[in-house]
Amino acid sequence: MHIGKQLKEGLLTQNPVLVQLLGMCSTLAITTTVANGIGMGLSVTIILTLSNIFISLLRRIIPEQVRIAAYIVVIAGFVTIVDLLLQAFFPDIAESLGVFIPLIVVNCIILARAESFASKNKPLAAAVDGLCQGVGYTLVLLVMSAIRELLGSGTLAGTAVFPGEYAAQMMALPVGGFLTLGFLIALMQWARSKAGKGGK
C-alpha cells in the first residue's frame, strides 16, 4: 500500500471527475453552492470508503457471477444510512441535494472503485483508496461550486462578495455547470500534458 501514490491518483492522475470523467450527473447538478458541494462530496467520500472496506472484506465470498449486484446492495446500504443521517441532522442539505443522494447507489465512481480496486485489495488499502478518490471528487466539487456560486450570484458560501446585479446568472444554470466543468477538464489535461513533457 502506497498512500502517497493513491493520494496522487485521487487528486491528479486518476481524478474521478477530471480524468476518468465519472459521476458527471451529480457533479453538474449540485455544484450551484459551496454548501451543496461540501454535502455531496463528504457523502460520497464516506460511502465510497465504507463500501470499499466492506467489499474488500467480502471479496473472497462474493461469487463472480453476481459481484455487481452484490456491490450495489452493499453501496445501497451505506447510501441509505447516510441519507437518513442527513435528513435527521442536516435537513437543509438533504433537501437541497434531493434525489442525488439516493442516486449515489449507481454512481459510477463508487462502482468503478469497487470493481477495479476494492475487490482486488485488502481492506486497509481499499479504505485508503476510497478516501483518496473521495477527496479528489470533493475538491473538484468545491472548486466548481465556488466558481459557480461566486460568478452566478455574487456570494461565496452564502456570504456576499459583490452585488448580485453584477453576477452572471447563467453560471447558476446548467450551462454554467457545463462551462465550468469543461474549463476544469481542459485545465487538468493541459497540466498533465505539461507534466508529461517535463518528465521526458
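Calculation notes
Residues numbered from 1 in each chain as written. Predicted model: local features only at pLDDT ≥ 70, side-chain atom pairs only at ≥ 80, totals over all residues. Heavy atoms only, no water. Disulfide = S-S within 2.5 Å. Helix = DSSP H or I, 4+ residues; strand = E, 2+ residues; numbered from the N terminus. Buried < 20%, exposed > 50% of the residue type's maximum accessible area, 1.4 Å probe, protein only. Phe/Tyr/Trp six-rings, centres within 6.5 Å; stacked < 30°, edge-to-face > 60°.

J.: Describe in detail the state of the cysteines, supporting the description with residues and values.
T.: Taken as a whole and assessed by the stated rule, the structure comprises 0 disulfides. Of all cysteine sulfurs, the one in Cys108 lies closest to Cys25, which takes part in no disulfide; the gap is 9.7 Å.

J.: So what's going on with the environment of Phe183? Which residues, and what values?
T.: By the element assignment, Phe183 lies in helix 8 (residues 174-199). Judged by its relative accessible area of 51%, Phe183 is exposed. Residues Phe183 and Met144, spaced 39 residues apart in sequence, show a C-alpha to C-alpha distance of 9.9 Å.

J.: Please give an account of the packing of aromatic side chains that cites residues and values.
T.: Aromatic ring pairs are reported here in terms of the distance separating the ring centres and the angle at which the planes meet. One pass over the structure, following the stated rule, counts 1 aromatic pair. Ring geometry for Phe54 and Phe78: centres 6.1 Å apart, planes at 80°, overall edge-to-face. A residue pair is termed long-range when its members are at least 10 positions apart, and Phe54 in helix 3 (residues 34-57) and Phe78 in helix 4 (residues 67-89) qualify at 24 residues.

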